[in-house]
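Descriptive analysis of the structure
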Amino acid sequence: MFAAVAALASCDEKPETPNTPDEGPKSEECRLSAFVVTVGTETIEGFVDQTDKSVELSYLPDHLAGLKAATAVATISDKATITPDPTQAIDYTVEGGVEFTVTAEDGEHSAVYTVYIAAAEFSEKVVKVWEKTYGDLGLGAKPNFDCGIGFAARDKFAYADLRVFDLEGNYVGSLNTEGMPELAVYGDGEIKATGQLGAVTNDVNGVLVAIATHEGTHVDGSVGCRTEVYAWKDGWDKAPTKIYGPVDYQCMYMSVAGDVTGDFVLNFRTGAGNPQMHHVLVYKGGKYFNEDGSAACTWYGPMIQHPGNDGCWGQQLSFFSGDPEDGFVCWDSLAAAEYGDSGNASAAFYVYPEGITAFQNGTATEIPLYGQVNWTNWDAQGNRFSYGNYSIGQVRAFKYNGKKYIIACSSSWPCNWITVQKAEDVAFDDEETEDVDESASNYLLPTDMIEGAASCAPCSAYVYDPATLTGHIVYAAQSAKVVAYDIVTTIL
């Protein structure tokens, strides 16, 4: 709901004060005609009601925190004054609103306006912006299942082969790799390609983060894969900053949440096992290394009990924010053997809303999510997750308008699938009645199919642009197509 503002009092009628002959008459005007609040990089234009002297500030969920200390610009009558000073930070979330007194030039007439907030009513939807082939974009094939796409700014995205594009899919240049090691992509313990990043993602502000692997000498003197992680903090065309490594093993299925210049979570997987352990590194204040060169982070090693399978042993975690207690989601390469069958089953997505500590303590809730791919030739057990019939996939957790969502990437021959859906307040169908299908409310984007996949290895990236209230998604059906979507908000 949009914020409303109630105002108090009109210009108080005061006896006219005689003016001295040389001053001339002073204005009695005490009117507030406009009120614009700045919240971060956004502005909220208040609706001024002169009848009840009210100012209406409508806010979206992402605005609320900023309204606790926001500045404003007020337009008032000529030569009038206003108190308190709206250009100073004020908490607009206080109960009853904030009163401003506009005093006329004559110092006698005044009016009191009350500014208060209320949640805006709005709707959200996902729209497809464009779809292009790898040939259209000039992209090279990616030889592994890791995510190859990520935002390099709020209005740019990059691919693992170092090419950078604008939001219309136009090539704008190549990533600056100054100071990075020779780039290689590993698979099955050997180099599969060179000149590419191992995996790509981005933080909440669109800062590109990537795994760089190369062959080098290990601490024990052996030669093999070495891994480092870099962030393009100063822009995609500037030299990147190393934020982790080197380590003597291959890091895979990486994800980043939060702000890499402040508080963030970096997580990845090494090796494969059942149960599967993940590395979760929690950083604070944008500090990457201690004085001795060790990683300046807190390490967690959550063990996921689902056995990723189908040869790829794929499994990935993705956190919703830079606070690891804010919850996370797991994509799992679901094997039919987990349900007493053989072969492929699907991609599976599980939400752990309580966060890392509850998970480590064994008290976390596990919520399985459901897609909308209808496969009638499966058995009931394998079909229940409905994300396709091939278990390669990827996940991206994010927040939009204060709510938690995921981009669920899944596959089947010869298709890739994308679903944008809730990760909290999920509605489940009532098994005892078929009158209402509430599950439709779970999806921002019901499952969309991208045909013609060469390898059925899907992945995605997400960034929010506060200037336009738009969430940008780029989805790669490696190595076939790239599709761009926007999540848009309409204020009702």
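It should be emphasised that the depicted structure is a prediction, and the values quoted were computed from it without experimental measurement.

Looking at the protein, the pLDDT average stands at 89 and 87% of residues meet or exceed 70. In the model, residues 1-10 has pLDDT below 50 throughout and makes 62 contacts with residues more than four positions away in sequence or in other chains.

One open sheet accounts for four strands, arranged S9-S36-S35-S34; its pairing is antiparallel. The open sheet has two edge strands with one neighbour each: strand S9 (122-133) and strand S34 (457-465). Neighbour to neighbour, the strand axes of the sheet diverge by 20° on average, direction disregarded. Sheet topology places S34 next to strand S35 (residues 470-478); nine bridges connect them, and they run antiparallel. Bridge pairing links alanine 457 to glutamine 478 in S35.

The next thing to look at is the environment of cysteine 330. Tracing the backbone through its elements, the reader meets cysteine 330 in strand S27 (residues 328-335). On a C-alpha basis, the gap between cysteine 330 and tyrosine 352 in space is 8.0 Å, while along the polypeptide they are 22 residues apart. When neighbours within four sequence positions are excluded, cysteine 330 is seen to be in contact with Ile304, Gln315, Gln316, Leu317, Ala348, Phe349, Tyr350 and Tyr352.

Evaluated as defined, the whole model comprises 12 salt bridges. Across the pair glutamate 228 and lysine 242 runs a salt bridge, and its minimum N-O distance is 3.9 Å. Of this pair, glutamate 228 sits in strand S18 (residues 223-231) while lysine 242 sits in strand S19 (residues 241-247), and the two are 14 residues apart along the sequence. Relative accessible area serves as the criterion here: at 28%, lysine 242 is assigned to the partly exposed category. One salt-bridge network, held together by shared partners, links Lys128, Glu131, Asp448 and Lys481.

Right, let's get into unusual backbone geometry. A cis geometry characterises the amide bond from threonine 83 onward to proline 84, with omega recorded as -5°. Here proline 84 shows up in the loop between strand S6 (81-83) and strand S7 (98-103). Across the junction of glycine 245 and proline 246, the peptide omega takes the value 5°, indicating a cis bond. With respect to the element layout, proline 246 can be found in strand S19. A positive phi angle, near 50°, is found at asparagine 401, a position not held by glycine. Checked against the element boundaries, asparagine 401 lands in the loop between strand S30 (390-400) and strand S31 (403-412). Given the relative accessible area of 2%, asparagine 401 is considered buried. Of note, the phi angle at leucine 469 is positive, near 60°, even though the residue is not glycine. A relative accessible area of 16% places leucine 469 in the buried class.

The rules behind the values
- In every chain, residue numbers begin from 1 and rise along the written sequence.
- Whole-chain, interface and lining totals are the exception, using all residues; otherwise, since this is a predicted model, local features are given only for residues with pLDDT of at least 70 and side-chain atom pairs are given and counted only at 80 or more.
- Working from all heavy atoms in the structure, the side-chain values ignore hydrogens and water.
- The pLDDT value expresses, per residue, how confident the predictor is, ranging between 0 and 100.
- Residue contacts are defined here by distance: any two heavy atoms, one from each residue, within 4.5 Å place the two residues in contact.
- A pair of strands is considered paired only if DSSP assigns at least 2 bridges between the two.
- Strands here are runs of E lasting at least two residues and helices are runs of H or I lasting at least four, both read from the DSSP assignment and numbered beginning at the N terminus.
- Angular values range over 0 to 180 degrees, each being the angle between N-to-C directions of two axes fitted as lines to C-alpha atoms, with helices fitted over their stretch in contact.
- The working definition used for a salt bridge is a side-chain nitrogen of Lys or Arg within 4 Å of a carboxyl oxygen of Asp or Glu.
- Here's how the labels work: a residue is buried when its accessible area is under 20% of the maximum for its type, exposed when over 50%, partly exposed in between, all with a 1.4 Å probe on protein chains only.

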